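A look at the structure
Each chain, letter by letter, is given below.
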There are 2 protein chains.
Amino acid sequence: MNKRVKVILGSVRSERAGINIAEWVMKEVKEYQGHLDFEFIDLKDLGLPFMDEPMSPMASDKYVHSHTKKWSQTIKDSDAFIFITPEYNHGYSPVLKNAIDFLFKEWKDKPAGFVGYGGSGARGSIRQLREVFNFIGLKVMEEQVGIGKIWEAVDEKGDVKKENIRGSLLTLLSQIEEN
Amino acid sequence: MNKRVKVILGSVRSERAGINIAEWVMKEVKEYQGHLDFEFIDLKDLGLPFMDEPMSPMASDKYVHSHTKKWSQTIKDSDAFIFITPEYNHGYSPVLKNAIDFLFKEWKDKPAGFVGYGGSGARGSIRQLREVFNFIGLKVMEEQVGIGKIWEAVDEKGDVKKENIRGSLLTLLSQIEEN
């Protein structure tokens, strides 16, 4: 059975460059020859508020709010993740960390990979997220895709101009399939 | 002239333990003998959405939204900060990072201190926030107040039971006054 991979975009800003990166990733993965199925999740559509459950999800998964129950089911129905992440002030985006913090057990032992964009490929953001994911028990893949200057990397059609970035994404997909 | 210190609570959850910590801090600072004035800011009352400005605040402070303009003015009218921070999954709370990410120049060169609570005094969260603050240019004080097991540390009246925690807060306040 194919692994169900969710591709999650960690930016909801109106002028977000990340949507172009997400479109590129979804285009590339369609051509991937392997046992992975992909689905895109836009946190903008998900519309979670700041974490508002009375209990920590580490202590209990008896969620109070319907948005939490729905998000929990989505992540339960996933086998692996690709997080497309910007970098804000050398750290991660609040909207992505918030979506992660809403749940706990749902993430455990599932492979996860990063596609970082902006700055030096969002390396600061990804480094901090690796610490968070280690704590939660997400299995972070060694390969990470770093896209620095976005408009140099992606053309008007949304194609990534640099072959080494495509190679890095393919390596990440193989690692997810093998883990 | 006294320095205007904002005490900012980085949790908006309904059952947040942080409100007790905030009440304790505001009680202690009233007795501080020095040239600091304190005001409490509850991010729950502030009610900022996830960062929704079209431009990065690093690139431009011509903000579009009235909530951003108001928040900018509040931070401009501040000389120093105490951040009361929880720890979620070894990292910072999205609501606190989001309030920071909304602005940029407004924070620059101002002294900031941490009061961390939960786990090991929110040390993982504070370590990540130190990286963020270094990037923004907030001057982070060396002393940090760590409150581990909250209910062992605070009694029913909101008094902190351990004298070393009070001592740590006083050291932090002196450092803020001197910087």
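The structure we're discussing is the one just above.
Cut-off values and rules
Residues numbered from 1 in each chain as written. Chains lettered and ligands numbered in written order. Predicted model: local features only at pLDDT ≥ 70, side-chain atom pairs only at ≥ 80, totals over all residues. Heavy atoms only, no water. Contact = heavy atoms within 4.5 Å. Buried area = accessible area lost by both parts, 1.4 Å probe. Salt bridge = Lys/Arg side-chain N within 4 Å of Asp/Glu carboxyl O. Helix = DSSP H or I, 4+ residues; strand = E, 2+ residues; numbered from the N terminus. Buried < 20%, exposed > 50% of the residue type's maximum accessible area, 1.4 Å probe, protein only. Polar contact = N/O pair within 3.5 Å; in protein donor to acceptor, adjacent residues only side chain to side chain. Pairing = 2+ DSSP bridges. Axes fitted to C-alpha atoms, helices over the stretch in contact; angles between N-to-C directions. Least-squares fit on C-alpha atoms with pLDDT ≥ 70 in both. Right-handed = clockwise from strand over helix to strand, strands pointing away.

1. Observations regarding the interface of chain B and chain A
One widely used convention gives an interface's size as the accessible area the parts lose upon coming together. Counting residues at the interface gives 31 residues for chain B and 30 residues for chain A. Around 2500 Å² of area is buried between chain B and chain A when both sides are counted, 53% of it from carbon and sulfur atoms. Sorting the residues of chain B by area buried against chain A places Arg13, Phe50 and Asn89 of chain B first, and these three jointly supply 30% of that buried surface. Joining chain B to chain A, the criterion identifies two salt bridges. In this structure, Glu131 of chain A engages Arg127 of chain B in a salt bridge whose closest nitrogen and oxygen atoms are separated by 3.4 Å.

2. Here's the deal with the environment of Trp71 of chain B
Residue and element names in this part refer to chain B. With respect to the helices, strands and loops of the structure, Trp71 is situated in helix H3 (residues 66-76). Accessibility expressed as a relative area gives 1% for Trp71, which makes it buried. Placed 26 residues apart in sequence, Trp71 and Asp45 show a C-alpha to C-alpha distance of 12 Å. Discounting residues that sit within four places of it in the chain, Trp71 has contacts with Ile8, Ile41, Leu43, Leu46, Leu48, Ala99, Phe102, Leu103 and Trp107. Within the structure, Trp71 has its side chain in polar contact with the backbone oxygen of Ala99 (distance 2.8 Å).

3. As for the sheet that holds strand S4 (residues 111-117) of chain A
Residues and elements named next belong to chain A. A sheet is described by the order of its strands in space; here five strands give the open sequence S2-S1-S3-S4-S5, paired in parallel fashion. Of all the strands in the sheet, the pair left with one neighbour each is strand S2 (36-42) and strand S5 (139-147). On average, each strand axis in the sheet is inclined to that of its neighbour by 20°, with strand direction left out of account. Relative to S5, S4 runs parallel, the two sharing six bridges. Bridging across to S5, Val115 finds its partner in Val145. Sheet contacts for helix H5 (residues 123-136): strand S3 (80-85), S4 and S5; angle to S5, the most-contacted strand, approximately 170°. Sheet contacts for helix H7 (residues 163-178): strand S1 (3-9), S2, S3, S4 and S5; angle to S5, the most-contacted strand, approximately 170°.

4. Examining the relation of the copies chain B and chain A
Taken as rigid bodies, chain B and chain A are interconverted by a rotation of 180° and an axial shift of 0.0 Å, the fit giving an RMSD of 0.0 Å. The superposition of one copy onto the other is thereby described by a two-fold rotation axis. Of every C-alpha in chain B, the one belonging to Pro94 of chain B sits nearest the axis of rotation, 2.1 Å from it.

5. Digging into the pattern of salt bridges
Residues and elements named next belong to chain A. If you walk through the whole model with that rule in mind, you get 14 salt bridges over all chains. Asp79 is the partner of Arg4 in a salt bridge, and the nearest nitrogen-oxygen pair spans 2.9 Å. Separated by 75 residues along the polypeptide, Arg4 in strand S1 and Asp79 in the loop between helix H3 (66-76) and S3 bring together distant segments of the chain. Arg4 gets classed as partly exposed once you look at its relative accessible area, which sits at 32%.

6. What about the pairing of strand S2 (residues 36-42) of chain B?
All names here are of chain B. Judged from the seven bridges that link them, strand S1 (residues 3-9) and S2 form a sheet pairing that is parallel. Counterpart to Arg4 in the pairing with S2 is Asp37. Considered for its hand, the β-α-β crossover made up of S1, helix H1 (residues 18-30) and S2 is right-handed.

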